[in-house]
Amino acid sequence: MTKIIYVLNGPNLNLLGLREPEVYGHDTLDDIAGQLEDRAADLGMEIDLRQSNHEGHLIDWLHEAQSIGAHAVLLNAGAFTHTSIALYDAIRAIRTPVIEVHLSNPHRREEFRHVSWVGRAALGTVSGFGAESYGVALEAAARL
Ligand code: DQA
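Residues numbered from 1 in each chain as written. Predicted model: local features only at pLDDT ≥ 70, side-chain atom pairs only at ≥ 80, totals over all residues. Heavy atoms only, no water.

### Description of the pairing of strand β3 (residues 72-76)
By the criterion of burial, β3 is predominantly enclosed, with 5 of the 5 residues buried. Inspection of the sheet shows strand β1 (residues 3-9) paired to β3 by 5 bridges, in the parallel sense. Residue Y6 lies in a different strand from β3, and its bridge partner there is V73. Taken together, the 3 bridges between β3 and strand β4 (residues 98-102) define a ladder with parallel strand orientation. If you follow L74 over to β4, its bridge partner there is I99. (Buried < 20%, exposed > 50% of the residue type's maximum accessible area, 1.4 Å probe, protein only. Helix = DSSP H or I, 4+ residues; strand = E, 2+ residues; numbered from the N terminus. Pairing = 2+ DSSP bridges.)

### Quick word on the packing of aromatic side chains
The description of two aromatic rings rests on the distance between their centres and on the angle between their planes. As enumerated under the stated definition, the model contains 1 aromatic pair in all. Plain terms: the ring middles of Y88 and W117 are 5.7 Å apart, the flat faces sit at 80° to each other, and that makes the pair edge-to-face. With Y88 in helix α4 (residues 85-93) and W117 in helix α5 (residues 117-121), this residue pair connects regions lying 29 residues apart in the sequence. A relative accessible area of 22% means that W117 is categorised as partly exposed. Looking at R120, its charged tip hangs above the ring of W117, at a distance of 4.5 Å from the centre. (Phe/Tyr/Trp six-rings, centres within 6.5 Å; stacked < 30°, edge-to-face > 60°. Lys NZ or Arg CZ within 6 Å of the ring centre and 35° of its normal.)

### Here's the deal with the site of the ligand
Close to the ligand lie R19, Y24, N76, G78, A79, H82, H102, L103, S104, R109 and R113. For the ligand, an oxygen atom lies 2.8 Å from a polar atom in the backbone of L103. The side chain of S104 places a nitrogen or oxygen atom 2.6 Å from an oxygen atom of the ligand. Considered on its own, the ligand offers 320 Å² of accessible surface; in the complex 99% of this is hidden by protein. In the shell around the ligand, the residues fall into 3 nonpolar, 5 polar and 3 charged. (Near = heavy atom within 4 Å. Polar contact = N/O pair within 3.5 Å; in protein donor to acceptor, adjacent residues only side chain to side chain. Areas by Shrake-Rupley, 256 points an atom, 1.4 Å probe, with all protein chains shown as cover. Nonpolar A, V, L, I, M, F, W, Y, C, P; charged D, E, K, R; others polar.)

### Quick look at the environment of M45
For M45, the position within the fold is in strand β2 (residues 45-51). Looking at M45, the relative accessible area reads 5%, which means it is buried. Considered as a pair, M45 and G25 are 20 residues apart in the sequence and their alpha carbons are 26 Å apart. For M45, the contacting residues outside a window of four places in its chain are T2, K3, I5, A40, L138 and A142. (Contact = heavy atoms within 4.5 Å.)

Below, the structure is given as structure tokens:
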């Protein structure tokens, strides 16, 4: 059976490509989806990539990942990473492994980005490699 990987993206990531390209690069979320689809197919997996600016959608999709039996979730929660105890609780509430993903390396940036509620609950974190952070996380998910 094909393994499904949920790739969940939080606030402002719909603006990738336009948004602070010196920090986040020039790839759009659609570009990243295309790259991941090809890579997932090579690994015998399928991705389901979504984006929302609303915290509750991300929580619902985490629950859904478990209920449909997804193999893993790659989660770039954007700024909710640093604020959302509700996301921390949601990750802890499901058995589906969650890998935290960031394009930038939050630890090299402002102090307020150094706290990660997502990272406290996630299995692991990939950050700082631009769009390639998602690719590395996908490879890691394939081996789980
Ligand atoms: C981000 C890092 C967060 O600090 C920021 O709020 C984002 C993007 C990243 O992918 O580098 O929106 O998650």
